[in-house]
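Survey of secondary and tertiary structure
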Amino acid sequence: AALGVGVMFYVPLLILGPVIVITRQVGDVKPKDAPDSGQGAKHKLQIGRAFKSYYLVCHIICLMVVWMPFMLHGTLVPFLLEAIHADSSLQGIAFGIRAFMEFPSFMLVPFLLRKYNPQKLLPLCFSYYAVECLVLAMTQQVWALYAIMVCSGTVFAMIIGVNINYVHSLAPRGLESTVVTVNAAAQSLAGVLGNLLAGALVDSVGIRMTYLIIAAMVVLASLMMYFLAGHGRKKGIPLNAETAIQCP
């Protein structure tokens, strides 16, 4: 209100300097088992190995559906605020609340990884988004939206940490960064497909029915994620074919 919308586009430039300084102090850590010879690394790098993992392929396919609700917040919340006759600028507060809750929630990730099997924990966490969509479909007050954002930020942070660790554990040796990048690409694709679908649904059936349809999609994909992982365990498929590590 005081400085206008345009000033917000300069904020990342102010943040960029300190980020560059901090990241230059981190550097890269060379794994102990990494080959010393560049030629050896090229010889062993076979990207196709990553897609031979049953669990990884199943996870990525389901991920492109269960990730949609989070990617759609920026698109759908303004429509919801309009439906409840609230100022669309309030979405900034909603997203700020969600981001604020992410910080302490990231600290829970190591505890969750020690206590729970990610193959069971991730479908459960993603199922929250179905509940969130159902609640948003019935929301009539701004305070209810803020309350949902508190939960959304908490669950999102836990999902990010657990999901990356799980995907990393599925990667063949030497392809860890590649597999994590594929995971990120699937999330981005979820954003593209989700926004295309949501735009068509809002135009045809309205914002509240859009939330209900997305909730149903997330429920189905979460169940698929859970049962496909269970099927793999029953068949004796190792979590990582190269190291033969099984989930507990």
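Above this text you will find the structure in question.
Predicted, not measured: the structure shown is a model, and the values here were computed from it.

Mapped onto the elements, Leu108 comes out in the loop between α6 (91-106) and α7 (109-115). For Leu108, a relative accessible area of 40% translates into the label partly exposed. Distance in space between the C-alpha atoms of Leu108 and Met158 is 6.9 Å, their sequence separation being 50 residues.

Positionally, Cys58 belongs in helix α3 (residues 54-66). The sequence separation of Cys58 and Tyr226 amounts to 168 residues, and the corresponding C-alpha distance is 10.0 Å.

Another point: the side chain of His73. Residue position: His73 is located in helix α5 (residues 73-83). Apart from residues no more than four positions distant in its own chain, His73 is found in contact with Pro78, Phe95, Arg98, Glu132, Met149 and Ser152.

Turning next to empty space enclosed by the protein. Evaluation of the coordinates by the stated rule reveals two cavities of 30 Å³ or more. Of the pockets and cavities examined, the largest cavity occupies roughly 90 Å³. Contributing to the lining of the largest cavity are Tyr55, Cys58, His59, Cys62, Pro118, Gln119, Leu122, Pro123, Tyr166, Met225, Leu228 and Ala229. Breaking the lining of the largest cavity down by element, the ones donating at least two residues are α3, α8 (118-138) and α11 (207-234). Classifying every residue of the lining of the largest cavity by side-chain character gives ten nonpolar, two polar and no charged. The calculated volume of the second largest cavity comes to roughly 50 Å³. When residues of the lining of the second largest cavity are traced back to their parent elements, those giving at least two are α5, α8 and α11. With three residues, α8 is the single largest residue contributor to the lining of the second largest cavity. Of the residues assigned to the lining of the second largest cavity, the class counts are seven nonpolar, one polar and one charged.

Moving on, we get to the packing of aromatic side chains. In total, this model carries seven aromatic pairs according to the counting rule given. Ring centres 3.8 Å apart and planes at 5 degrees place the aromatic pair Phe70 and Phe156 in the stacked group. Here Phe70 is found in helix α4 (residues 68-71), whereas its partner Phe156 is found in helix α9 (residues 142-170), with 86 residues between them in sequence. As far as burial versus exposure is concerned, Phe70 and Phe156 are alike and both buried.

All right, on to the nonpolar core then. Counting residues in each nonpolar core, the largest one holds 58 residues, and the members touching the most others are Trp67, Leu76, Phe126, Tyr129, Leu145 and Tyr211. Per element, the largest residue contribution to this core is 14 residues, and it comes from α9. Among all residues touching Tyr129, those that are not within four sequence positions of it are Val66, Pro69, Phe70, Ser152, Phe156, Ile159 and Val218.

On to unusual backbone geometry. We note that His85 has phi near 60 degrees; this positive angle belongs to a residue other than glycine. Locating His85 in the fold gives a position in the loop between α5 and α6. With a relative accessible area of 75%, His85 lands in the exposed category.

A few words now on α3. For α3, spanning 13 residues, the distance from its first C-alpha to its last is 18 Å, which sits close to the expected 18 Å at 1.5 Å a residue. By the burial criterion, the buried members of α3 are Tyr55, Leu56, Cys58, His59, Ile60, Cys62, Leu63 and Val66. In this fold, the buried residues of α3 make contact with α4, α8, α9, α10 (176-205) and α11.

Procedures and definitions
- Residues numbered from 1 in each chain as written.
- Predicted model: local features only at pLDDT ≥ 70, side-chain atom pairs only at ≥ 80, totals over all residues.
- Heavy atoms only, no water.
- Helix = DSSP H or I, 4+ residues; strand = E, 2+ residues; numbered from the N terminus.
- Buried < 20%, exposed > 50% of the residue type's maximum accessible area, 1.4 Å probe, protein only.
- Contact = heavy atoms within 4.5 Å.
- 1 Å grid on protein atoms, 1.4 Å probe; cavity = no way out; pocket = protein on both sides within 12 Å on 5 of 7 lines; lining within 4 Å.
- Points joined across faces, edges and corners; volume = space filled by probe spheres on them.
- Nonpolar A, V, L, I, M, F, W, Y, C, P; charged D, E, K, R; others polar.
- Phe/Tyr/Trp six-rings, centres within 6.5 Å; stacked < 30°, edge-to-face > 60°.
- Core = buried A, V, L, I, M, F, W, Y, C linked by side-chain atoms within 4.5 Å.
- Expected span 1.5 Å × (residues − 1).

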